[in-house]
Amino acid sequence: MTNWTRKHNKFSVQNRLTPTARELWQWLLDEIPSGNNEIIDLRDFNKWVKRTRGFPHDPKTVKSAAQQLRDKGVLTNAKRYTAYVWKWTLQPICVLIPPVSPQREKKSVSQLQIPGLDPSTPQSVEDGDITTTTDLTDSQSRELEQKLDACRTAGIYYQPKDAKFLRNFSLHEVLKAILYFLFNREAVNKPEGWFRVCLEDNWAGKEEQRQQLRNQWSTENLFEAIHHCNQIMGRVLQPE
């Protein structure tokens, strides 16, 4: 999806678009030039989904995704012909997220300056505490953004204020939990809540341990277990 940008990601997260709504938006970007008013059959989107992943979405899920895009202003001037055939305008991302004016951006930068510190004279800071703290904060912010990007790619959407718990886990732990989520995705109704519990309870690590135990299990162990169970059942069923 070459037309999809970080701004589209940002808008999706801010407006809590469902994974299906996000997929539909990505597909529409290739089907409709931004700003154009065209007729679209949602069944064509579902055919594309089936070709891509092997099975389509539930029709109700597709209609709900289209409704969400209309509610959030991504699709406007909507005209319905049937339950699946619509005519609408796909709004450009620059309309949904207007660019920051240079004057406003300059003001934002100036607000970050430390009172009493001459920005042209970095030597006026006698120790490196401020620089070190800033570097550490920047590093943590970059790592958190990496984690959020990985979650968004998997269809797990967090607002930054709701994602502070991710700081308690390494990037490796988050990625391992995402893989575990993807293997269980079809059974998950609320990805954000499920994923947080998955991380905090280390479901991925526990599954890895279970898999190791299964790999160590031999035919001899199986017969021993069956024999042991039969012995117990025989004692239970034996008349007194």
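What counts and what doesn't
Residues numbered from 1 in each chain as written. Predicted model: local features only at pLDDT ≥ 70, side-chain atom pairs only at ≥ 80, totals over all residues. Heavy atoms only, no water. Helix = DSSP H or I, 4+ residues; strand = E, 2+ residues; numbered from the N terminus. Buried < 20%, exposed > 50% of the residue type's maximum accessible area, 1.4 Å probe, protein only. Contact = heavy atoms within 4.5 Å. Areas by Shrake-Rupley, 256 points an atom, 1.4 Å probe, with all protein chains shown as cover. Axes fitted to C-alpha atoms, helices over the stretch in contact; angles between N-to-C directions. Parallel < 35°, antiparallel > 145°, perpendicular 65-115°, else oblique. Nonpolar A, V, L, I, M, F, W, Y, C, P; charged D, E, K, R; others polar. Pairing = 2+ DSSP bridges.

Q: Go over the overall build of the protein with me, naming the residues and quoting the values.
A: On a plain count of helices and strands, the protein comes out with 11 helices and 3 strands. For the protein, the α and β elements follow one another from N to C terminus as α-α-β-α-α-β-β-α-α-α-α-α-α-α. By the burial criterion, 30% of the 240 residues in the protein qualify as buried. Within the protein, residue pairs in contact and separated by at least 24 positions form 58% of the contacts whose partners lie at least 6 positions apart. Approximately 16400 Å² of the protein is accessible, and the part contributed by carbon and sulfur atoms is 53%.

Q: Can you tell me about the packing of helix α2 (residues 19-31) against helix α4 (residues 59-71), naming the residues and giving the values?
A: In the contact formed by α2 and α4, the axes pass within 8 Å of each other and the chain directions differ by 75°. With respect to their mutual orientation, α2 and α4 come out roughly perpendicular. Here α2 contributes T20, A21, L24, W25 and L28 to the contact with α4, which in turn contributes T61, V62, A65, A66, Q68 and L69. Class assignment of the residues belonging to the contact of α2 with α4 gives a composition of 8 nonpolar, 3 polar and no charged.

Q: Account for the pairing of strand β3 (residues 85-90), naming residues and giving values.
A: Among the 6 residues of β3, 5 are classified as buried, and the element is accordingly described as predominantly covered. Here 4 bridges tie strand β2 (residues 75-80) to β3, and the two strands are oriented antiparallel to one another. Bridge pairing in β3 links T76 to T89. Turn length for the β2-β3 hairpin, with the two strands adjacent in sequence and antiparallel, is 4 residues.

Q: So, the sheet that holds strand β1 (residues 37-41): which residues are in play, and what are the values?
A: In space, the 3 strands of this open sheet follow the order β1-β3-β2, with antiparallel pairing throughout. Strand pairing shows two members of the sheet lacking a second neighbour, β1 and β2, which therefore form its edges. Put simply, the sheet's adjacent strands are angled 30° from each other on average, direction ignored. Looking at chain direction, β1 and β3 are connected through 5 bridges and run antiparallel. In the sheet register, D41 faces β3, and the bridge partner there is V85. Sheet contacts for helix α3 (residues 42-53): β1 and β3; angle to β1, the most-contacted strand, approximately 60°. Along the sheet, α4 contacts β2 and β3; its crossing angle with β2, the most-contacted strand, is approximately 130°.

These values are about where atoms sit, not about what they do.
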